[in-house]
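Residue strings, one per chain:
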Amino acid sequence: MDTKRIECQGVVLASMPYGESDKIIRLYTERAGKLSVLVKGAKSRRSATVALSETFTFGLYRLGAGKSFYYLNSGKILQANMGLRKDYDALVYASALVEIVDKSSVEGEGTARIFSLTRKALHELSVREAPLPVFLGFLIKYLSFMGYRPMMPETDEGSYVFLTGSGVVEADGAHGGAPLDDEDIYTFRHLLYTPLDKINLSHVLPSTLEKIYGLMKVYAVDNLQLDNIQSLQLRM
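Residues numbered from 1 in each chain as written. Predicted model: local features only at pLDDT ≥ 70, side-chain atom pairs only at ≥ 80, totals over all residues. Heavy atoms only, no water.

A. Structural view of the sheet that holds strand β8 (residues 178-180). Reading across the sheet, the 3 strands line up as β7-β6-β8 and stay open at both edges, with antiparallel pairing between neighbours. Each edge of the sheet is formed by a strand with only one pairing partner; in this case those strands are β7 (167-170) and β8. Between one strand axis and the next, the sheet turns through 40° on average, direction left out of account. Pairing of strand β6 (residues 160-163) with β8 involves 3 bridges; the strand directions are antiparallel. Bridge pairing in β8 links phenylalanine 162 to alanine 178. Lying over the sheet, helix α4 (residues 182-193) contacts β6, β7 and β8, oriented at roughly 90° with respect to β8. (Pairing = 2+ DSSP bridges. Helix = DSSP H or I, 4+ residues; strand = E, 2+ residues; numbered from the N terminus. Axes fitted to C-alpha atoms, helices over the stretch in contact; angles between N-to-C directions. Contact = heavy atoms within 4.5 Å.)

B. Representation of the pairing of strand β5 (residues 70-79) in the model. Of the strand pairs in this sheet, strand β3 (residues 33-39) and β5 are connected by 2 bridges, and their pairing is parallel. Its bridge partner lying in β5, valine 37 is registered against tyrosine 70. When strand β4 (residues 58-65) meets β5, the two strands line up antiparallel, connected through 8 bridges. If you follow glycine 59 over to β5, its bridge partner there is isoleucine 77. Hairpin connection from β4 to β5: 4 residues lie between these consecutive antiparallel strands.

C. Quick peek at the nonpolar core. The biggest cluster of nonpolar side chains holds 54 residues, and the ones touching the most others in it are Phe135, Leu136, Phe188 and Met216. Of all elements in the fold, only β1 (5-18), α1 (88-104), α2 (112-127), α3 (131-145), β6, α4 and α5 (206-223) reach the threshold of two or more residues within this core. Counting residues in hydrophobic clusters, the runner-up holds 15 residues, among them Ile6, Val39, Leu63 and Leu72. (Core = buried A, V, L, I, M, F, W, Y, C linked by side-chain atoms within 4.5 Å. Buried < 20%, exposed > 50% of the residue type's maximum accessible area, 1.4 Å probe, protein only.)

D. Fine view of the sheet that holds β4. Pairing in this closed barrel of 5 strands is mixed, and the strands run β1-β2-β3-β5-β4 around the ring. Neighbour-to-neighbour, the strand axes of the sheet open up by a mean angle of 50°, direction not taken into account. Here strand β2 (residues 22-29) pairs with β3 via 7 bridges, running antiparallel. The residue bridging arginine 26 from the neighbouring strand is serine 36, located in β3. This element, α2, spans β1, β2, β4 and β5 of the sheet and lies at about 60° to β1.

E. The arrangement of α4 in detail. Taking 1.5 Å per residue, 12 residues should reach 16 Å; α4 reaches 16 Å between its end C-alpha atoms and fits that length. If you check which residues of α4 are buried, you get Asp184, Ile185, Thr187, Phe188, His190, Leu191 and Leu192. Here α4 starts with a cap whose side-chain oxygen sits 3.1 Å from the backbone nitrogen of glutamate 183, and that cap is aspartate 181. (Expected span 1.5 Å × (residues − 1). Polar contact = N/O pair within 3.5 Å; in protein donor to acceptor, adjacent residues only side chain to side chain.)

F. Spotlight on α1. Between the first and last C-alpha of α1 there are 24 Å, a value that for 17 residues agrees with the 24 Å anticipated at 1.5 Å per step. With 12 of its 17 residues buried, α1 lies for the most part within the structure. Against the buried residues of α1 lie β1, β2, β3, α2 and α3. Capping the start of α1 is the job of one residue whose side-chain oxygen sits 3.1 Å from the backbone nitrogen of aspartate 89: aspartate 87.

G. View of the pattern of salt bridges. Evaluation of the coordinates by the stated rule reveals 7 salt bridges. Put simply, aspartate 102 and lysine 34 hold a salt bridge, and the shortest N to O gap is 3.0 Å. Linking aspartate 102 in helix α1 with lysine 34 in strand β3, this pair joins segments that are 68 residues apart in sequence. Of the residues examined, aspartate 102 reaches a relative accessible area of 11% and is grouped as buried. Judged by relative accessible area, lysine 34 falls into the buried class, the value being 7%. Across the salt bridge formed by glutamate 124 and arginine 128, the nearest N and O atoms sit 3.0 Å from each other. Given the relative accessible area of 10%, glutamate 124 is considered buried. Within this structure, Arg26, Lys34 and Asp102 form a network of salt bridges that share partners. (Salt bridge = Lys/Arg side-chain N within 4 Å of Asp/Glu carboxyl O.)

Below you can see the structure in the form of structure tokens.
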């Protein structure tokens, strides 16, 4: 790694102690994908870098490149997403969101599209009263951006099943799969095609959302080749 310096917007996916006073954060940036960044003095509550090293923070980061990772020179918080820490469910889904992005992305690689989706999803989770639809909307869009968009019918009508390997397919000719009703199909389509800030499933039965959650969780773990999504084990 050379001695280049970059200035970029980024979202903190994870933060871990490093030595007596420092932290290493994994930062998903708009311009350079996922980066490991050493933040000196971040374990001291009086340090100006504490907030910049907190998970879920969206900020402007000025970085210098070292031999093994980048170093934080300075930065500015653009959105702290403090609302996530005031709601247990939102915190769990936000933790799962950054865990999924961290586990399924490669150091030094990424896209501005995924950065934007991650940033917007964390903000929506921090302000919404119902976080589950936002998380599901993020998940199906993230999978699509990663090349694993589930198959989806053009209308809500018809007889369909959900297959882990492909998504929503016609029941005729399908081997196995979870049967889907019209409300299931409507929910899938709404989550896939509606912008995160416009998602509104308040009229959908909670049992339908739970069904979609279960199907999408298995689909994500299988297609992204994750061992698990540990944060979701805290879900109540």
